Amino acid sequence: MAEGTLYEALNLAGLWKLPILFAVEHNGYAQSTPSSQQHAGDLEARASAFGVPVSVVDGNDVEHVFAQAKAMVQRIRAGSGAELLFMRTYRLGPHSKGDDLRSEDELLRHRSKEPLFRLMPVLGESWCEQQELILRNEVAKIVSDLLIESQYG
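Now for a look at the structure at hand.

Here is what the cut-offs are and how they apply
Residues numbered from 1 in each chain as written. Predicted model: local features only at pLDDT ≥ 70, side-chain atom pairs only at ≥ 80, totals over all residues. Heavy atoms only, no water. Helix = DSSP H or I, 4+ residues; strand = E, 2+ residues; numbered from the N terminus. Expected span 1.5 Å × (residues − 1). Buried < 20%, exposed > 50% of the residue type's maximum accessible area, 1.4 Å probe, protein only. Arc of directions from axis to C-beta. Patch = residues over 30% accessible without salt bridge, like charges linked within 9 Å, V, L, I, M, F, W, Y side chains within 5 Å. Areas by Shrake-Rupley, 256 points an atom, 1.4 Å probe, with all protein chains shown as cover. Salt bridge = Lys/Arg side-chain N within 4 Å of Asp/Glu carboxyl O. Pairing = 2+ DSSP bridges. Axes fitted to C-alpha atoms, helices over the stretch in contact; angles between N-to-C directions. Polar contact = N/O pair within 3.5 Å; in protein donor to acceptor, adjacent residues only side chain to side chain. Contact = heavy atoms within 4.5 Å.

1. Digging into helix 1 (residues 4–16)
With 13 residues, helix 1 should reach 18 Å at 1.5 Å per residue; the first-to-last C-alpha distance of 18 Å fits that figure. Among all positions of helix 1, only Leu6, Leu10, Ala13 and Gly14 are buried. Considered in projection along helix 1, the buried side chains sweep an arc of 95° and stay on one side of the axis. Exposed residues lying more than 90 degrees from the buried face of helix 1 are Thr5, Glu8, Leu15 and Trp16. Looking at the residues trailing helix 1, positive phi occurs at Lys17, about 50°.

2. Quick look at a nonpolar patch on the surface
Among the surface-exposed residues, Leu12, Leu15 and Trp16 lie close enough to one another that they form a single nonpolar patch of about 340 Å² accessible area. Inspection of the secondary structure puts Leu15 in helix 1.

3. Digging into the sheet that holds strand 1 (residues 21–26)
Across the sheet, three strands lie side by side as 1-5-4; this open sheet has parallel pairing. The open sheet is flanked by strand 1 and strand 4 (54–58), the only strands paired with a single partner. Averaged over all neighbouring strand pairs, the angle between strand axes comes to 20°, with direction disregarded. Where strand 1 lies against strand 5 (residues 83–88), six bridges are found, and the strand directions are parallel. Bridge pairing links Leu21 to Glu83 in strand 5.

4. Looking at the side chain of His39
For His39, the location among the structural elements is in the loop between strand 3 (33–34) and strand 4. Within the structure, the side chain of His39 is placed 3.5 Å from the side chain of Gln38, a separation counted as a polar contact. Beyond its immediate sequence surroundings of up to four residues, His39 is in contact with Met1, Ala2 and Arg46.

5. Quick look at the pattern of salt bridges
Oppositely charged side chains may form a pair once their charged atoms are brought near each other. Applying the stated rule across the entire model yields seven salt bridges. Residue Arg136 is joined to Glu132 by a salt bridge in which the shortest nitrogen-to-oxygen separation is 2.8 Å. On the criterion of helical spacing, the pair formed by Arg136 and Glu132 is a turn pair, its members being four residues apart in helix 5 (residues 125–152). The exposed category is assigned to Arg136, whose relative accessible area is 55%. Look at the salt bridges and you will find they share partners, linking Asp58, Asp61 and Arg118 into a network.

Function cannot be inferred from these measures alone, as they are strictly geometric.
Rendered as structure tokens:
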């Protein structure tokens, strides 16, 4: 939200009624700086200045995000022009090693709002655990293959 190219794109999309869905994942931070210390005003309202409608959703509610995005895509395909989906969420992990100055209490407050945690009752705990194991194995294989490739080139 701090790049001029975004505002140029919003301007042209609004002016020309382009069929674009802009998706903003607002996680509250820019690297290790809280957004409140970097941005003045409401980030959610910025696209409206270019005539681009904005829908603000809880980005951790996967089902609601899907429903809202689906409705927006239908309107865009029907010729309404660009729209912006503004998803409020929270980044649980650090931006990079050693730059995370957030307290453990702050992180704990947000863990229960995390999308997979919220979906677990719907998907089933055993299914989630099985999927996590599958993904961990896939990542381990990718890392192993990359290490072998880098050694033998």
